[in-house]
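Topology and contacts: notes
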Amino acid sequence: MTTVKYLLTEDRMPTAWYNIQADLPVPPPPVLHPGTGQPIGPQDLAPLFPMALIMQEVSTERFIEIPEEVQAIYRQWRPTPLFRARRLEQALDTPARIYYKYEGVSPAGSHKPNTAVAQAYYNKQEGVKRLVTETGAGQWGSSLAMAGAFFGLEVLVFMVKVSYQQKPYRRALMEAYGARVVASPSEETNAGRAILAAHPDSTGSLGIAISEAVEVAAQDPDAKYSLGSVLNHVLLHQTVIGEEALTQMELADDYPDIIVGCTGGGSNFSGISFPFIGKKLRGERDVRVVAVEPAACPSMTRGRYAYDFGDTAKMTPLVKMHTLGHDFVPPGIHAGGLRYHGMAPLVSHLLELGVIEAINIQQLETFSAGIQFARAEGIIPAPEANHAVAGTIREALRCKEEGVSRAILFNLCGHGHFDMQAYTDYMAGKLRDYEYSEEEVAMALAGLPAVG
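Summary of the structure given here. (Residues numbered from 1 in each chain as written. Predicted model: local features only at pLDDT ≥ 70, side-chain atom pairs only at ≥ 80, totals over all residues. Heavy atoms only, no water.)

Spatially, the four strands line up as an open sheet ordered β8-β7-β6-β9, and their pairing is parallel. Edge positions in the open sheet fall to β8 (180–184) and β9 (223–225), since each of these has one partner strand only. Each adjacent strand pair in this sheet contributes to an overall mean axis angle of 25°, direction not counted. Packed onto the sheet, helix α8 (residues 168–176) meets β6 (130–135), β7 (154–160) and β8 and runs at close to 170° relative to β7. (Pairing = 2+ DSSP bridges. Helix = DSSP H or I, 4+ residues; strand = E, 2+ residues; numbered from the N terminus. Axes fitted to C-alpha atoms, helices over the stretch in contact; angles between N-to-C directions. Contact = heavy atoms within 4.5 Å.)

Turning to the packing of aromatic side chains, a few remarks are in order. Enumeration according to the criterion identifies 14 aromatic pairs in this entry. Between tyrosine 255 and phenylalanine 276, the aromatic rings sit 5.6 Å apart at their centres with planes inclined by 65°, giving edge-to-face as the arrangement. Pair noted here: tyrosine 255 is in the loop between α12 (240–251) and β10 (258–262) and phenylalanine 276 is in helix α13 (residues 267–281), with a separation of 21 residues, a long-range link. Residue phenylalanine 276 is classed as buried on the basis of its relative accessible area of 0%. Connected via pairs of aromatic rings, a cluster forms that spans Phe83, Tyr100, Tyr102, Phe373 and Phe410. For the cation-ring pair, arginine 171 lies above tyrosine 164, with the distance from its terminal atom to the ring centre recorded as 4.0 Å. Note that arginine 285 overlies the ring of tyrosine 255, its terminal NZ or CZ placed 4.0 Å from the centroid. (Phe/Tyr/Trp six-rings, centres within 6.5 Å; stacked < 30°, edge-to-face > 60°. Buried < 20%, exposed > 50% of the residue type's maximum accessible area, 1.4 Å probe, protein only. Lys NZ or Arg CZ within 6 Å of the ring centre and 35° of its normal.)

For helix α19 (residues 438–445), every residue scored as buried is listed here: Val441, Ala444 and Leu445. Buried residues in α19, looked at end-on, bunch into an arc of 95°, giving them a common side. Those residues of α19 that are exposed and aimed more than 90 degrees away from the buried face are Glu439 and Met443. Where α19 is buried, its residues touch α14 (299–302), β12 (304–309) and β13 (318–323). (Arc of directions from axis to C-beta.)

Another point: the state of the cysteines. Using the criterion set out here, one finds zero disulfides in the structure. Cysteine 297 carries a free sulfur, and the closest cysteine sulfur to it, the one in cysteine 262, is 13 Å from it. With relative accessibility at 2%, the residue cysteine 297 sits in the buried group. (Disulfide = S-S within 2.5 Å.)

For proline 28, the location among the structural elements is in the loop between β2 (16–18) and α1 (42–45). Of the residues examined, proline 28 reaches a relative accessible area of 24% and is grouped as partly exposed. Sequence separation between proline 28 and threonine 312 is 284 residues, and the spatial gap between their C-alpha atoms is 23 Å. Ignoring any residue separated from it by four or fewer positions in sequence, one finds proline 28 in contact with Gln21, Leu346 and His349.

Inspection of every chain in the model, using the stated rule, returns 23 salt bridges. Between lysine 280 and aspartate 286 there is a salt bridge, and its shortest N-O distance comes to 3.0 Å. Judged by its relative accessible area of 26%, lysine 280 falls in the partly exposed class. Judged by relative accessible area, which is 58%, aspartate 286 ranks as exposed. Among the salt bridges present, the one from arginine 288 reaches glutamate 357, with a minimum N-O distance of 3.0 Å. A residue pair is termed long-range when its members are at least 10 positions apart, and arginine 288 in strand β11 (residues 288–294) and glutamate 357 in strand β14 (residues 357–361) qualify at 69 residues. (Salt bridge = Lys/Arg side-chain N within 4 Å of Asp/Glu carboxyl O.)

Right, here's the structure in full:
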């Protein structure tokens, strides 16, 4: 019998998150206060985040215990299955051994609840009454809305306007979980009103939506801000994915030669790859790790490694990351979750150290890959996940050209059931690729803050 899926029982779910900061050969650059240019302390972040998350943000402990209340909710869908993509291998006629971790089995349909549940738990512990956040495609917003329902927290979501219009069912899902959803830029904040005054037809961006959410949270003593990617503690919570995959690859009696992950802010990529990169950094097992980003939002491949704001209105601290500039507004591609101007500082740091590599892929190639995957494996991937699928197919075809069998692991971070309009548009020939001139990239980078 050929095994297709590798399953773990609930008692084999990880009980601690893996913190890659413990194994970095060089610590990442500090986060800076935008006013003073000095490294910020925990108290500077206290208006936005509960102290437990702030301490996770700066921790260098290798493992951080997952509270039992969080584990109990995780068990609703974790451990998630690891699949051997045998039918895709056949379709590609490749000697590669392709594995994918499937996070679409969560109630919200993606990997995002891994951190949403944890963040809601720690906020509830600190007496917070409401959470304010932003969302692109809605995967994160729906996950936080669900977590808010579990812990009795109000949730307000600023949803990037182009996604708000493209994905009404994702919006309906958030509202079904009890969240209030506002199209961003909106008239509800100073940041939103300023953007609309300058650009009345603005389609929005994650940077703009973050500005609105931070503004509301900072002014409400009962509220905290919640972020679905980029920050260290968010990446930490996602490592349950890779930790499970380590055990499941043992069940398969295999180990990845290559890990491929789609990257927008960096959370699902980190989730699948960091536990394996940790082994690499400790000299235990080598692995090649490929981050795949959209050609329409190429922060790692065409951006600059520099200090920048995480939001458009310059309300957040300065973080050193690969960035296209906080003023950058990417086109309205359907992979809304990847439309962010910057990359997680930890992912950016690993790229600078040469531990990982990055490529960008155009929209049409990713949808072609998603269709090919669906016809072989039966799962319709989210447009974001299609970037990982496309990167994996490229690697598998390289194995075929070279006549070499390599094990490739990728994270199928969510299903595309709420994204069918994107597939309809693709099959009708309505989608297109986007290319930026050097001048456009240079203009976006011209507004980077000066840091001594």
